[in-house]
Every structure is written in C-alpha cells, then in structure tokens.
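Listed below are the residues making up each chain.
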Amino acid sequence: MNRISPVERAIIVQQWRSTTTTAFIHCLIGENSHALVNQAGRVLFVILGAALAQGMGPHDPDIRVVRGAVNALHDQAGEPDIPESRRASIVSGLLACDRLRWQLDRKCLNDAICDLALKLRGGDVRLEDFQQMVAN
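This section reports on the structure supplied with the text. (Residues numbered from 1 in each chain as written. Predicted model: local features only at pLDDT ≥ 70, side-chain atom pairs only at ≥ 80, totals over all residues. Heavy atoms only, no water.)

1. Thoughts on the overall build of the protein
Here is the rule we go by: Where helices and strands are cited, they refer to DSSP runs of H or I of at least four residues and of E of at least two residues respectively, numbered from the N terminus. Our radius of gyration looks at C-alpha atoms and nothing else; its globule reference is 2.2 Å times the residue count to the power 0.38. For each residue, the accessible area found with a 1.4 Å probe, counting protein chains only, is set against the maximum for its type, and the residue is called buried under 20%, exposed over 50%, and partly exposed in between. Working definition of accessibility: Shrake-Rupley area with a 1.4 Å probe, residue cover restricted to the visible protein chains.
Secondary structure summary: the protein contains 6 helices and 0 strands in total. Listing the helices and strands of the protein from first to last along the sequence gives α-α-α-α-α-α. Against the 2.2 N^0.38 benchmark of 14 Å for 136 residues, the protein shows a C-alpha radius of gyration of 14 Å, consistent with a compact globule. Its C-alpha atoms give the protein principal-axis dimensions of roughly 40 × 30 × 25 Å. Out of the 136 residues in the protein, the part that is buried amounts to 44%. Carbon and sulfur atoms form 52% of the exposed surface of the protein, whose accessible area is close to 7,400 Å².

Here you go:
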C-alpha cells in the first residue's frame, strides 16, 4: 500500500463507502447495466478480497453467494437489459457482502479498497481478477 499516501487512502476509503450505497440502488431499481456492473463489481471485489485476506475460506456460505454474484455480473457485462434472475443474484451477492462487511477487520477492508483503487488505475477489473483472488 506504500503507493498510496495516508490522505489519499482516507479519500479512497470514503469514496468506496458511498459506492456501496450506489451499488444497492443500481441493483435494486436501476436500468443502467453498465453502472450496475461497475458499482456492484467494486463492492464484490473489495469484500471478497478482504474476506479471503482475513482467512475466510472460499467455501464459506456468504463467500459462495458473492462468487455467484460475480458470475452474474460477468454474464451481465455488455448486456443492455438486466434480467430479473440475474438482478436477484447480484442483489443476493451485495446482501452477502453487507453481512461479511461486519465480520471484517477494518485494516483488511481498507487494504482491499486500496487494492481495488490501484487495480483500477491500470484498467478494469475482470473475471480473471476475481478468480485469481479465490485461487490464492
């Protein structure tokens, strides 16, 4: 994390916290597929990364729900219409993230938020990034 100053880190963390609210709104009632994928993907990436870094296993029930939502997001990417079944899977993933969030150490969560920020500086987050996270 030494590439991010403490002040920048605090700003990035605060911005991500507002992303969680925006992601839920897009997921529940939004019709903008790109925004849904972008916002929900950020939440799923951070929570999955923090949970795995903290030692939660890939077979934890909420982690499995998050992984299912990641797959639904991957299927949604580039699609203009949002099928209700896919929306339901993504909502379930965000709800699992909310449950996991309260089990996570603040440092693990903030580190994962900064990992996302660094990854986004180099481009988009892709399904392979999620798969690599789970494989480690």
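2. Concerning the pattern of salt bridges
One side chain can pair with another of opposite charge once the charged atoms of both are near each other. Using the following cut-off: The working definition used for a salt bridge is a side-chain nitrogen of Lys or Arg within 4 Å of a carboxyl oxygen of Asp or Glu.
Under the definition given, this model contains 7 salt bridges. Of the charged contacts in the structure, one is a salt bridge between Glu31 and Arg87, with a shortest N-O distance of 3.4 Å. Within this pair, whereas Glu31 is found in the loop between α1 (6–29) and α2 (33–53), its partner Arg87 is found in helix α4 (residues 84–101), the two being separated by 56 residues in sequence. For Arg87, a relative accessible area of 5% translates into the label buried. The salt bridge partner of Lys107 is Asp111, with a shortest N-O separation of 2.7 Å. Here Asp111 and Lys107 lie together in helix α5 (residues 106–121), a separation of 4 residues that amounts to about one turn. When salt bridges with common partners are traced through the structure, they connect Arg9, Lys107 and Asp111 into a single cluster.

3. Describing the packing of α1 against α5
Note the threshold: Only the stretch in contact is used when a helix axis is fitted, and all axes are lines through C-alpha atoms; the angle between N-to-C directions ranges over 0 to 180 degrees. Roughly parallel refers to an angle under 35 degrees, roughly antiparallel to one over 145, roughly perpendicular to one between 65 and 115, and oblique to any angle outside these ranges. Contacts between residues were defined by any pair of non-hydrogen atoms, one from each residue, lying within 4.5 Å.
Two numbers describe how α1 lies on α5: the axes approach to 10 Å, and their chain directions differ by 95 degrees. If you check the angle between α1 and α5, you find them roughly perpendicular. Facing α1, whose interface residues are Glu8, Arg9, Ile12, Val13, Trp16 and Arg17, α5 presents Arg106, Lys107, Leu109, Asn110, Asp111, Ile113, Cys114, Leu116, Ala117 and Arg121.

4. Re the side chain of Arg87
For clarity, the threshold we go by: Distance and chemistry together define a polar contact, namely a pair of N or O atoms within 3.5 Å, with one atom able to donate a hydrogen and the other to accept it when in protein, and with adjacent residues in sequence counting only for side-chain atoms on both sides.
A polar contact is formed between the side chain of Arg87 and the backbone oxygen of His26, at a distance of 3.5 Å. Among the polar contacts listed, one links the side chain of Arg87 to the side chain of Glu31, at a separation of 3.4 Å. Excluding its chain neighbours within four sequence positions, the residues that come into contact with Arg87 are His26, Cys27, Leu28, Ile29, Gly30, Glu31, Leu36 and Ile82.

5. Section: a nonpolar patch on the surface
Where we set the bar: Residues forming no salt bridge and having over 30% relative accessible area are the ones grouped into patches, like charges within 9 Å of each other and nonpolar side chains (Val, Leu, Ile, Met, Phe, Trp, Tyr) within 5 Å.
On the surface, Ile25, Leu28 and Ile29 cluster together to form a nonpolar patch covering roughly 330 Å² of accessible area. With respect to the helices and strands, Ile29 occurs in helix α1. Relative accessible area serves as the criterion here: at 65%, Ile29 is assigned to the exposed category.

6. What about helix α3 (residues 61–76)?
Inclusion rule: Here a helix's expected span is defined as the number of its residues, less one, multiplied by 1.5 Å.
Its 16 residues give α3 an end-to-end C-alpha distance of 23 Å, which sits within 8% of 22 Å, the value for a rise of 1.5 Å per residue. Elements in contact with the buried residues of α3: α2, α4 and α6 (127–135). With a side-chain oxygen positioned 3.0 Å from the backbone nitrogen of Asp62, the residue opening α3 is Asp60.

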